[in-house]
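Breakdown of the fold
Here is what each chain is made of, one letter per residue.
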Amino acid sequence: MKTRIYFLLAFLMVASSYAQEHPVKIVFDVTSSDNALHKTAVRHVKAMSNAYPNSEFEVVMYSGAMEMVLKDKSVVAKEIEALVKKDNVTFVICEGTMKRHKVTASNLIEGVKSVPDGILEIVSKQNEGWGYIKETP
């Protein structure tokens, strides 16, 4: 009986260790102009990047989410500035959205990158095996 209990405990420890060390890659899709959603998305990325430091996280913003990365309008600017300094977190904005809103790279929060097309970026990540989370209000 003791042997079975020790075996079960050892198995659970190994399984738990593997689950925590097995890296994941997750792309977050943010399109809403809702400031509460911006805060939620940042909270999710912060928590996950802290819990899984060997994993990768990318937030892709387009359409109505433009203000999320504008340094003079974002309600999460300080949080994004801190997160982009981490090795495992990236925030990117669609260049098509930037063009429609007449925004240049100088208007963006420092560390935020741009991609030619937000939707294509998400599809590309999914084709590479990344998990997908759509942040919705």
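Before any of the text, the structure's been laid out above.
For clarity, every value in this text was computed on a predicted model and none was experimentally measured.

Its 17 residues place the ends of helix α2 (residues 35-51) 24 Å apart at the C-alpha level, agreeing with the 24 Å of an ideal helix rising 1.5 Å per residue. Of the residues making up α2, those classed as buried are Leu37, His38, Ala41, Val42, Val45 and Ser49. The arc that holds every buried residue of α2, seen down its axis, measures 135°, which confines them to one face. Among the residues of α2, the N-terminal cap falls to aspartate 34, whose side-chain oxygen and the backbone nitrogen of alanine 36 are separated by 2.9 Å.

On to the pattern of salt bridges, then. Enumeration over the complete set of coordinates arrives at three salt bridges. Salt-bridge contacts for glutamate 58 lead to lysine 125; the nearest nitrogen and oxygen are separated by 3.7 Å. Highlighted residues: glutamate 58 in strand β2 (residues 56-61) and lysine 125 in helix α5 (residues 118-127), separated in sequence by 67 residues. Both residues of the pair, glutamate 58 and lysine 125, count as buried.

Our next topic: the sheet that holds β2. Strand order across the open sheet formed by five strands is β4-β3-β2-β1-β5, with parallel pairing between neighbours. In the strand order of this sheet, the two ends are held by β4 (113-115) and β5 (131-134), each with one partner. With strand direction ignored, the average angle separating the axes of adjacent strands in the sheet is 30°. Across five bridges, β2 lies against strand β3 (residues 89-94) in parallel orientation. In the strand pairing of β3, methionine 61 is matched with isoleucine 93. Contacting β1 (25-30), β2 and β3, α2 crosses the sheet at an angle of about 175° to β1. Across the face of the sheet, α5 comes into contact with β1, β2, β3, β4 and β5 while running at roughly 155° to β2.

Bringing α5 into the picture now. Of all the positions in α5, only Gly118, Glu121, Ile122 and Lys125 are classed as buried. Axial view of α5: buried residues confined to an arc of 95°, hence all on one face. Facing away from the buried surface of α5 by more than 90 degrees, the exposed residues are Ile119, Leu120 and Asn127. Here the buried face of α5 lies against β1, β2, β3, β4 and β5.

In this section: the nonpolar core. Core analysis: the largest hydrophobic core is formed by 28 residues, its most contacted members being Met61, Met68, Ile80, Phe91 and Leu108. Elements supplying a minimum of two residues to this core: β1, α2, β2, α3 (77-83) and β3. If you tally residues by element for this core, the top one is α2, at four residues. The residues contacting isoleucine 80, other than those within four sequence positions of it, are Val42, Met68, Val69, Phe91, Ile109 and Val112. By size, the runner-up hydrophobic cluster in this structure holds eight residues, among which are Val27, Val60, Cys94 and Trp130.

Each value, and the rule that gives it
- Residues numbered from 1 in each chain as written.
- Predicted model: local features only at pLDDT ≥ 70, side-chain atom pairs only at ≥ 80, totals over all residues.
- Heavy atoms only, no water.
- Helix = DSSP H or I, 4+ residues; strand = E, 2+ residues; numbered from the N terminus.
- Expected span 1.5 Å × (residues − 1).
- Buried < 20%, exposed > 50% of the residue type's maximum accessible area, 1.4 Å probe, protein only.
- Arc of directions from axis to C-beta.
- Polar contact = N/O pair within 3.5 Å; in protein donor to acceptor, adjacent residues only side chain to side chain.
- Salt bridge = Lys/Arg side-chain N within 4 Å of Asp/Glu carboxyl O.
- Pairing = 2+ DSSP bridges.
- Axes fitted to C-alpha atoms, helices over the stretch in contact; angles between N-to-C directions.
- Contact = heavy atoms within 4.5 Å.
- Core = buried A, V, L, I, M, F, W, Y, C linked by side-chain atoms within 4.5 Å.

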